[in-house]
Amino acid sequence: MSEELFGNDWDEVLAAEVDKPYFLELMNWLEEEYKEHTIFPPRPDLFQALKLTSYKGTRAVILGQDPYHGAGQAHGLSFSVLPGVKVPPSLRNIYKELSSDLGIPMPAGGTLTPWAKEGVLLLNTVLTVREGLPGSHQGKGWEKFTDAVVEALNAREEPVVFILWGSHAQKKGARINTERHLIIESAHPSPLAARRGFFGSRPFSRVNAFLEANGERPIDWNVINTDK
């Protein structure tokens, strides 16, 4: 594909990947999906995670599954919702742990753009979904593409922290070089699982401790002004 999909160094890093037959087929299939169904996130936000967080600028990765499937929620960042949208249950639990871990007040809004701009790649393993049908775009090629994103980060000399919540995300971490990078694993923050090891896992302070130990600037996890 000759067009720039991401507008930063990801275009060069993923140039070979986006020219592979499976990705071209995925894009063609997705074109029809957008025409025939309501798909989230909206087309302009499809690659928002990679647009906001460059390859070289990525310092941590938070892996989600697929986008929110309700109207007006998804905008291309895992766990994040558009300004003015009620904070979803999993994100509310993330905020609770953030507050417990770092003493940051519970944010009122659910837009995590400030994290993306701080170098947190908010990547879903599947980047699209049909309205009201969670998991509807699984197995279409997105998993292969996001595997390539993770592999590219794994190949970097500069350390990255991979935050893998729940078994689905943890499968992505199987080939990460833990001599160079850090994996933080726990239960998923969803209400069904959060009390089985997510609460008390202190991922945010652990990310910053690792970055600082490697001579990197810590991440500012404050999202108090997300809806302003």
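Residues numbered from 1 in each chain as written. Predicted model: local features only at pLDDT ≥ 70, side-chain atom pairs only at ≥ 80, totals over all residues. Heavy atoms only, no water.

(A) The arrangement of the overall build of the chain in detail. A count of helical and extended segments in the chain gives 8 helices and 6 strands. Order of helices (α) and strands (β) in the chain, N terminus to C terminus: α-α-β-α-β-α-α-β-β-α-β-α-β-α. C-alpha extents for the chain along the principal axes are approximately 45 × 40 × 35 Å. Taking all 228 residues of the chain together, the buried fraction comes to 54%. Residue pairs in contact within the chain that sit at least 24 positions apart in sequence constitute 67% of those at least 6 positions apart. Working note: accessible area of the chain is about 10400 Å², and carbon and sulfur atoms make up 49% of it. Positive and negative charge centroids in the chain, built from 24 and 29 side chains respectively, lie 7 Å apart. (Helix = DSSP H or I, 4+ residues; strand = E, 2+ residues; numbered from the N terminus. Buried < 20%, exposed > 50% of the residue type's maximum accessible area, 1.4 Å probe, protein only. Contact = heavy atoms within 4.5 Å. Areas by Shrake-Rupley, 256 points an atom, 1.4 Å probe, with all protein chains shown as cover. Lys, Arg positive; Asp, Glu negative; His and termini not counted. Charge placed at Lys NZ, Arg CZ, Asp CG, Glu CD.)

(B) Looking closely at the nonpolar core. One finds Trp10, Phe23, Phe47, Trp115, Trp142, Phe145 and Trp221 to be the most contacted residues of the largest nonpolar core, which totals 70 residues. For phenylalanine 145, the residues in contact, after removing those within four places along its chain, are Phe6, Leu14, Glu17, Val18, Tyr22, Phe23, Phe47, Leu50 and Leu127. (Core = buried A, V, L, I, M, F, W, Y, C linked by side-chain atoms within 4.5 Å.)

(C) Molecular detail of unusual backbone geometry. With omega at -5°, the peptide bond leading from phenylalanine 40 into proline 41 counts as cis. For proline 41, the location among the structural elements is in the loop between strand 1 (39–40) and helix 3 (48–52). The phi torsion at phenylalanine 79 lies on the positive side, around 70°, for a residue other than glycine. As for its position among the elements, phenylalanine 79 is in the loop between strand 2 (60–64) and helix 4 (89–102). Of note, arginine 202 is a non-glycine position whose phi angle comes to about 50°, a positive value. Given a relative accessible area of 43%, arginine 202 falls into the partly exposed group.

(D) Region of interest: helix 6 (residues 142–154). The end-to-end C-alpha separation of helix 6 is 18 Å, in line with the 18 Å expected for 13 residues at 1.5 Å each. Looking at helix 6, one finds that the buried residues are Trp142, Phe145, Thr146, Ala148, Val149, Val150, Ala152, Leu153 and Asn154. In this structure, the buried residues of helix 6 make contact with helix 1 (10–13), helix 2 (21–36), helix 3, strand 2, strand 3 (120–124) and strand 5 (161–165). (Expected span 1.5 Å × (residues − 1).)

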